[in-house]
Amino acid sequence: MSGKEVIELVEKPVSCYSFNKDRTRIAFSANDNNVLIYKKSGGKWQQEAILSEHHQNVTGIDWAPVSNRIVTCGADRNGYVWVEEGGKWKPTLVILRINRAATFVRWSPKEDKFAVASGARLISVCYFEKENHWWVSKHIKKPIRSTVLSLDWHPNNILLAASSSDFKCRVFSAYIKEIEQKPEPTNWGKKMPFGALMAEFANGRGGWVHDVKFSPSGSKICWVGHDSSLSVVQGGENAEVATVQFGNLPFVTTVWLSEGTLVAAGHDFIPMVFTHDGNNKVSFIAKLDQPVKKGGDEETMSAMDKFRSLDKRATGTKEVKSSTTHTNTIVQLSVYQGERESVTKISSGGMDGKVVIWDIKSLEKSIADLKIV
């Protein structure tokens, strides 16, 4: 199907990635302790630099578009802020004060602070202390009961949504009075002291909450769970969670296209489009990628084929053309082009070593029933 660009970076999983502002460079981890930076030259992507300060797997990367700083975190319980000087990247260690692996990192919209999730059942909110010229962290702990898996910032630069393996999705205040003015009230609440729990949700079924995102306006959040569900809720008193239970394998990542449309992807290799309407109903709309029907020798490997392959080469692989663009789990969806309220392109990174750019408007024309609302 037209409307997509496939970037084949490595023959190893892309566990996390982030583009720079003009999309000419990408920083990613190939599921190890290094951060690779590739630059687009003509139609090809070539390696430009390796950031090798981490000594265990890199679990999170975020490239700030305005300041051009990269923040990374890893299973070594460390975080680094990277600044480019004279064509070389120089790291600054961030003391996260955690005793378990860091799992996710994200800059705030104003790029004056960032938040790091971890297996220590807490969130480290980090900001730059000018007096001492270093990054310091404050912890959000209660009532988190297990590993925090993902984070997302509200457009106001204050509120922080967190998803966790304790089956809950929460909204916290990450207000740092040392560097910020008192925040304006939102539909999530009026008083926002640091660490305040503004809201807590579950879909009632259980399952790790893999990813969470604020809507473009910040009035809603959506999240995806390991119970193959996608949920949306509008903040405010008597908020009701709208959940759609999908029959496929679990989603692990999601992104908003507009205030009423979102995309989710995961173990099925295919990004899927959903809508959330004014009646608080979540509906499946279409798939961005359509599997190619195959026949003859290109059909899926049979049980006997698998046995023969294992016997001959000690591997269960078979060289066949994939029926979908991604050939393994999609672990990350991100906005690639457009404003928050009107996204025109998204990117997806997968365990197959690919990053794919999806042109939403082009695909909208290709799929008859896909309508971005």
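To keep things clear, this report deals only with the structure shown in the data block.

Criteria and cut-off values
Residues numbered from 1 in each chain as written. Predicted model: local features only at pLDDT ≥ 70, side-chain atom pairs only at ≥ 80, totals over all residues. Heavy atoms only, no water. Core = buried A, V, L, I, M, F, W, Y, C linked by side-chain atoms within 4.5 Å. Buried < 20%, exposed > 50% of the residue type's maximum accessible area, 1.4 Å probe, protein only. Helix = DSSP H or I, 4+ residues; strand = E, 2+ residues; numbered from the N terminus. Contact = heavy atoms within 4.5 Å. Polar contact = N/O pair within 3.5 Å; in protein donor to acceptor, adjacent residues only side chain to side chain. Pairing = 2+ DSSP bridges. Axes fitted to C-alpha atoms, helices over the stretch in contact; angles between N-to-C directions.

### Overview of the nonpolar core
Now for step 1: Among the nonpolar cores identified, the biggest contains 18 residues, and Val171, Trp188, Ile221 and Trp223 are the most heavily contacted of them.
Now for step 2: Sorting the residues of this core by element identifies strand E15 (159-164), strand E16 (169-173), strand E17 (197-201), strand E18 (209-214) and strand E19 (220-225) as the ones contributing at least two each.
Now for step 3: For Val171, the contacting residues outside a window of four places in its chain are Leu159, Leu160, Ala161, Trp188, Ala196, Leu197, Met198, Ala199, Phe214 and Ile221.
Now for step 4: Among the nonpolar cores identified, the runner-up in size contains 17 residues, and Ile123, Val125, Tyr127 and Ile144 belong to it.

### Notes on the side chain of Arg25
Now for step 1: Inspection of the secondary structure assignment puts Arg25 in strand E3 (residues 25-29).
Now for step 2: Its relative accessible area of 10% is what places Arg25 among the buried residues.
Now for step 3: There is a polar contact of 3.0 Å between the side chain of Arg25 and the side chain of Glu48.
Now for step 4: Other than its neighbours up to four places away in sequence, Arg25 contacts Ser18, Phe19, Asn20, Ile37, Tyr38, Lys39, Trp45, Glu48, Trp63, Asn68, Glu84 and Trp89.

### Some remarks on the pairing of strand E26 (residues 330-339)
Now for step 1: As defined by bridge partners, E26 adjoins strand E27 (residues 342-350) across 8 bridges and the pair is classed as antiparallel. Paired with Ser334 across the two strands is Ser347, which belongs to E27.
Now for step 2: Linking E26 to E27, which pair antiparallel, is a turn of 2 residues.

### Let's talk about the sheet that holds E26
Now for step 1: Overall, antiparallel pairing links the 4 strands, which are arranged E1-E28-E27-E26 in an open sheet. Since the sheet does not close on itself, it has two edges, and those belong to strand E1 (4-8) and E26, each with one partner. For this sheet, the mean angle separating the axes of adjacent strands, direction not counted, is 20°.
Now for step 2: With 5 bridges joining them, E1 and strand E28 (residues 354-359) adopt antiparallel strand pairing.

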